[in-house]
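Okay, here's what each chain looks like letter by letter:
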Amino acid sequence: MSAASCLLTKDQFLCSICLDVFTDPVSTPCGHNFCKTCITQHWDVKVQCQCPNCKEDFNTRPELRVNTFISEMAAQFRQSAQQKARNSSSEEQAAKPGEVPCDVCTETKLKAMKSCLVCLVSYCETHLEPHLTRSGLKRHQPIHPVENLEGRMCTEHDKLLELFCKTDQMCVCILCTYSDHKTHDVVPLKKEYEGKKAKLETTETEIQQMIQKRRLKIQEIKHSVELSEEDADREIADGVQVFTALKESVERSQAELIDTIKEKQRKTEKQAEGFIKQLEQEICELKKRSTEVEQLSHSEDHLLLLQSFMSLKAASPTKDWTGVRVSPPSYEGTVVRAVNQLKKTLSKQKKKLLAVAELKRVQQSAVDVTLDPDTANPKLILSDDGKQVKLGDVKKNLQDNPERFDPYVNVLAKQSFSSGRFYYEVQLKGKTYWDLGVARESINRKGQIILTPQNGYWMIGLRNENEYKAGADPSVRLSLKSQPEKVGVLVDYEEGLVSFYDVDAAALIYSFTGCCFTEKLYPYFSPGIKDGGKNSAPLIISPVNHTE
């Protein structure tokens, strides 16, 4: 028996009603075991006899007899547990801070295993033994160890607080229901405990959901900060690029101004050097003549002086230097003109650099767009990848569904947008006719179509190779410095904005502002008529290569 008990655990000898080691264990017809007192009291309360474990109902109360085998095993286990408790060192079982100590221990206070609501005492495993073996004490109510057992007693009647008054929201004893709480709604403490526990579990679930929502909000905020940092880094890089370019322009203009002034100074110096050289040559000639004249003037030979004077060479002609001046160059207006030119250069470059920076920001909203064959006019030819469209020679026999354009040679994208910003680019190289933009979902697709915002279209187009128009009401003729070969389309749903860009020139072509969008918007395309074969090139939805 002892050897067998060593292989068994305490849980195998616990009554599922009192959660303690079996006392006089009995078996029900369904095969489950309980303390005889526990199952008897349980059935005394219940109207119908039912197994607490498997819930099997019994028409009549079964006759219960003590299961001697389990009783012996439980007794053996209890003795083994008690011996083990006695053999354990008191230091190992001593109550730790926060644990309920045994009220009976006189020296080292051991950890309490149970608290008795009748004795109002907490017991360690050793001192609990009488409650497990003595029949008089078995009827007591041992519970998990708790402190302040006196607080579980009614201060007025000195009875156990085992009921709950729902009217006054307080714990009461049985005698309270015959006095102050006689007409109140009173329920067993366990029932109210279960109700409150269920509410606490619901509250805990709600709290956990709130915590989770706030954690998600933290992640959302952190993600927003990360996006903000990326935007800030991008803006700083763009700003540095713009100001570096402007600084280089200023430095170039400064260098050109200095070179202009120095060139004027070099010309003045060169002129002065020419004058000085001529003067020095004349001085040299005059010195030679002065020497000859001086030598002849000192001669006392009358004949020789006269003969030499006649042969004395006539003086070389000299220049009249009276009116010759080397005037300093005039620098008046040089700096002003340089600054004015710099202003023009900077203004032009600033516009270009800001346009490039703006286009780069716009391109951050790029989306993947493909053509929807279910909306394409039967004359249109779409590529297999849905990125190109051109006008064919033959009208295909296609199902005339409500989404399909006819007779106008238009097509929409598969993708729709009802919030935020989106951007895409279309290559137009070699085309003389085309329309491009966005359209709302409810547009008319059959018969005559007027491409205006009032009719749900926001678009620009080309006619006759160089006649660009925006589909406003009335239409707006666009003056473009160059023919765009790639156009970018930006839509800001909330701002009510549709803008068109010349991608290669990084220039804004036209914007529809103050739009009020209430439906889904679809990218809209039309490759136009063939124009005698000159307009045979396709419209191509091209990947967005971010502008450098």
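The structure displayed is predicted, hence computed values, not measured ones.

### A few points about the sheet that holds strand 5 (residues 114–116)
Within the open sheet, the three strands sit side by side as 6-5-7. Their pairing is antiparallel. The outermost strands of the open sheet, each flanked by one partner alone, are strand 6 (121–123) and strand 7 (142–143). One ladder, built from three bridges, connects strand 5 with strand 6; its direction is antiparallel. Of the residues in strand 6, the one forming a bridge with C116 is V121.

### Concerning the pattern of salt bridges
Within the structure shown, the criterion is met by 18 salt bridges. In this structure, K217 and E220 form a salt bridge, with 3.2 Å as the shortest nitrogen-oxygen distance. Of this pair, K217 and E220 both sit in helix 7 (residues 189–297), three residues apart, which is roughly one turn of the helix. For K217, a relative accessible area of 41% translates into the label partly exposed. Look at the salt bridges and you will find they share partners, linking E235, E358 and R361 into a network.

### Looking at the pairing of strand 12 (residues 388–391)
When a strand is regular, its side chains alternate between the sheet's two faces. Residues of strand 12 alternate between two faces, with V389 and L391 buried on one and Q388 and K390 left unburied on the opposite face. Bridge analysis of strand 11 (residues 380–382) against strand 12 gives three bridges, and the strand direction is antiparallel. Looking across to strand 12, one finds that L382 is bridged to V389. Counting the residues that bridge the hairpin from strand 11 to strand 12 gives five residues, and of these G386 lies at a positive phi of roughly 70°. Bridge count between strand 12 and strand 23 (residues 539–542): two bridges; the pairing is antiparallel.

### Some thoughts on the sheet that holds strand 15 (residues 434–440)
Picture the strands of a sheet paired through backbone hydrogen bonds; they go either parallel or antiparallel. The strand order across the open sheet formed by six strands is 13-22-15-16-17-18, and the pairing between neighbours is antiparallel. Both edges of this open sheet fall to strand 13 (411–412) and strand 18 (476–478), since each of them pairs with a single strand only. For strand 15 and strand 16 (residues 457–463), the ladder comprises six bridges, and the chain directions are antiparallel. Within the sheet, the bridge partner assigned to V438 lies in strand 16 and is W458.

### Regarding a negative patch on the surface
On the surface, a cluster of negative charge is made up of E226, E229, E230 and D233. Tracing the backbone shows E229 in helix 7. Using a relative accessible area of 47% as the deciding quantity, one classes E229 as partly exposed.

### Focus on the packing of aromatic side chains
In this description, a pair of aromatic rings is defined by centroid distance and the angle of the planes. Applying the stated criterion across every chain, the model contains ten aromatic pairs. When the ring of W43 is compared with that of F58, the centres are 6.1 Å apart and the planes differ by 75°; the resulting orientation is edge-to-face. You can see W43 sitting in helix 2 (residues 36–45) and its partner F58 sitting in strand 4 (residues 57–58), a full 15 residues away along the chain. The exposure class assigned to W43 is buried, which follows from its relative accessible area of 2%. Under the relative-accessibility criterion, F58 is labelled buried at 8%. Feature note: the residues W458, Y493 and F517 constitute an aromatic cluster, connected by ring pairs. The cationic tip of K319 hangs over the ring face of W321; the distance from NZ or CZ to the ring centre is 4.6 Å.

What counts, and at which threshold
Residues numbered from 1 in each chain as written. Predicted model: local features only at pLDDT ≥ 70, side-chain atom pairs only at ≥ 80, totals over all residues. Heavy atoms only, no water. Pairing = 2+ DSSP bridges. Helix = DSSP H or I, 4+ residues; strand = E, 2+ residues; numbered from the N terminus. Salt bridge = Lys/Arg side-chain N within 4 Å of Asp/Glu carboxyl O. Buried < 20%, exposed > 50% of the residue type's maximum accessible area, 1.4 Å probe, protein only. Patch = residues over 30% accessible without salt bridge, like charges linked within 9 Å, V, L, I, M, F, W, Y side chains within 5 Å. Areas by Shrake-Rupley, 256 points an atom, 1.4 Å probe, with all protein chains shown as cover. Lys, Arg positive; Asp, Glu negative; His and termini not counted. Charge placed at Lys NZ, Arg CZ, Asp CG, Glu CD. Phe/Tyr/Trp six-rings, centres within 6.5 Å; stacked < 30°, edge-to-face > 60°. Lys NZ or Arg CZ within 6 Å of the ring centre and 35° of its normal.

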